[in-house]
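# Structure assessment
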Amino acid sequence: MNLTYLSHSCFLFETSSHTLIIDPFLTDNPLAQAKPADIRCDFVLVTHGHFDHVGDAVEIARRNDATVISSYEVADWLAREGVKTHPMGLGGGFAFPFGRVKLTIAFHSAGYPPAKEDKQSGFIYVGAAAGMLIQADGKTLYHAGDTALTLEMQLLGKRNKIDLAMLPIGDNFTMGPDDAVTAAEFLKPALTLPMHYNTFGYIKQDPAAFVSALATKGLKGRAPAIGETITI
Ligand code: NI
Ligand code: MN
């Protein structure tokens, strides 16, 4: 399987049969080089309803007639925009044509402010935030979404032989590098990639320092450049 890092928490996965994109935040993302119109895919995975994860999901799904896979609430919201969706809930898995996706626990939030013209007060909440365990082509991938460090990751590591983990290291909104190293110790992946860093001022981090910190624990890490493809 080929994986291309498109910046922030966005990756493109090319399996032997299908192409998937996760958390396609490209427009309004100062680090992204790819444009929504460049993306060819069959499925769009969205971990939670924050703007930096939903991103261009609707435009990409429309252009490709792709199915959005997300929480029940995000799926229902995006279905109203006229795209095909597949709703899921935390702890639930489903066998898709490319492989299996299971929504995992993420300690985070999900919502967005109403449009000004709606004159609505408060926030619009869109379900629980999640991570995703993706099994395809005999490989197991874990995309943590946005989350704090959680002991749930110990269970994921015990029950799955994870080939690749994508972990947020930005701090401030999610776990930072120290907690992400502990997460990798819980998950025991063959390879760990950092994500969700350097996109905004609040989340400046040194990915090389994170990879070195993983090495001190005997764990393999790699920080792909934006646009770089890794084969696992
Ligand atoms: Ni978030
Ligand atoms: Mn985020």
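Residues numbered from 1 in each chain as written. Chains lettered and ligands numbered in written order. Predicted model: local features only at pLDDT ≥ 70, side-chain atom pairs only at ≥ 80, totals over all residues. Heavy atoms only, no water.

### Here we look at the environment of His50
- In this structure, His50 sits in the loop between strand E4 (43-45) and helix H1 (51-54).
- Along the chain, His50 and Val126 lie 76 residues apart, while their C-alpha atoms are 8.7 Å from each other.
- Contact partners of His50, with chain neighbours within four places excluded, come to His108, Ser109, Ala110, Gly111 and Asp146. (Helix = DSSP H or I, 4+ residues; strand = E, 2+ residues; numbered from the N terminus. Contact = heavy atoms within 4.5 Å.)

### Here we look at the pairing of strand E7 (residues 93-96)
- Here E7 pairs with strand E8 (residues 99-105) via 4 bridges, running antiparallel. Counterpart to Gly93 in the pairing with E8 is Lys102.
- Adjacent in sequence and paired antiparallel, E7 and E8 are bridged by 2 residues. (Pairing = 2+ DSSP bridges.)

### Remarks on helix H4 (residues 152-159)
- Met153, Leu156 and Gly157 are the residues of H4 that are buried. Across the axial projection of H4, the buried residues extend over an arc of 95°, all falling on one side. Turned more than 90 degrees away from the buried face of H4, the exposed residues are Lys158 and Arg159.
- Contacts made by the buried residues of H4 are with E8, strand E11 (130-136), strand E12 (139-143) and helix H5 (177-187). (Buried < 20%, exposed > 50% of the residue type's maximum accessible area, 1.4 Å probe, protein only. Arc of directions from axis to C-beta.)

### Focus: the coordination of the nickel ion (ligand 1)
- Donor atoms from the polypeptide that bind the nickel ion (ligand 1) are His48 (NE2), His50 (ND1), His108 (NE2) and Asp146 (OD), placed at 2.2 to 2.3 Å.
- Relative to the metal, the 4 donor atoms surrounding the nickel ion (ligand 1) lie at angles of 91 to 174°, and the coordination shape comes out irregular.
- The sequence motif formed by the donor residues of the nickel ion (ligand 1) is H-x1-H-x57-H-x37-D.
- Separating the nickel ion (ligand 1) and the manganese ion (ligand 2) is a distance of 3.2 Å, and Asp146 donates to both of them. With His50 in the loop between E4 and H1 and His108 in the loop between E8 and strand E9 (111-112), this residue pair connects regions lying 58 residues apart in the sequence.
- Owing to a relative accessible area of 16%, His50 belongs among the buried residues under this scheme. (Donors = N, O, S within 2.8 Å, 3.2 Å for Na, K, Ca; no water. Tetrahedral: all angles 85-135°; square planar, octahedral: opposite > 155°, others 65-115°.)

### Observations concerning the packing of aromatic side chains
- What the rule picks out here adds up to 12 aromatic pairs.
- Chaining the aromatic ring pairs together yields one cluster made of Phe43, Phe94, Phe96 and Phe98. (Phe/Tyr/Trp six-rings, centres within 6.5 Å; stacked < 30°, edge-to-face > 60°.)

### Section: the pattern of salt bridges
- A full pass over the atoms with the stated rule returns 5 salt bridges.
- As a salt-bridge pair, Asp163 and Lys161 come within 3.2 Å of each other at their nearest N and O atoms.
- Asp163 sits in the buried class, given a relative accessible area of 13%. (Salt bridge = Lys/Arg side-chain N within 4 Å of Asp/Glu carboxyl O.)

### As for the sheet that holds E8
- Spatially, the 6 strands line up as an open sheet ordered E7-E8-E11-E12-E13-E14, and their pairing is mixed. In this open sheet, the two edge strands, each paired with only one partner strand, are E7 and strand E14 (191-195). On average, each strand axis in the sheet is tilted by 20° relative to the strand beside it, whichever way the strands run.
- Packing of H5 onto the sheet brings it into contact with E12, strand E13 (164-168) and E14, and relative to E13 it is tilted by some 155°. (Axes fitted to C-alpha atoms, helices over the stretch in contact; angles between N-to-C directions.)

### Concerning the nonpolar core
- Grouped together as the largest cluster of nonpolar side chains are 46 residues, with contacts concentrated most on Phe13, Ile134, Tyr142 and Leu167.
- In terms of residues, this core owes the most to one element, H5, which gives 6 residues.
- Residues within four places of Tyr142 in sequence aside, it is in contact with Thr104, Met132, Leu133, Met153, Leu156, Ile162, Leu164, Ala165, Met166, Leu167 and Leu187.
- Of all hydrophobic cores here, the second largest spans 23 residues; its members include Leu26, Ile39, Ala57 and Ala61. (Core = buried A, V, L, I, M, F, W, Y, C linked by side-chain atoms within 4.5 Å.)

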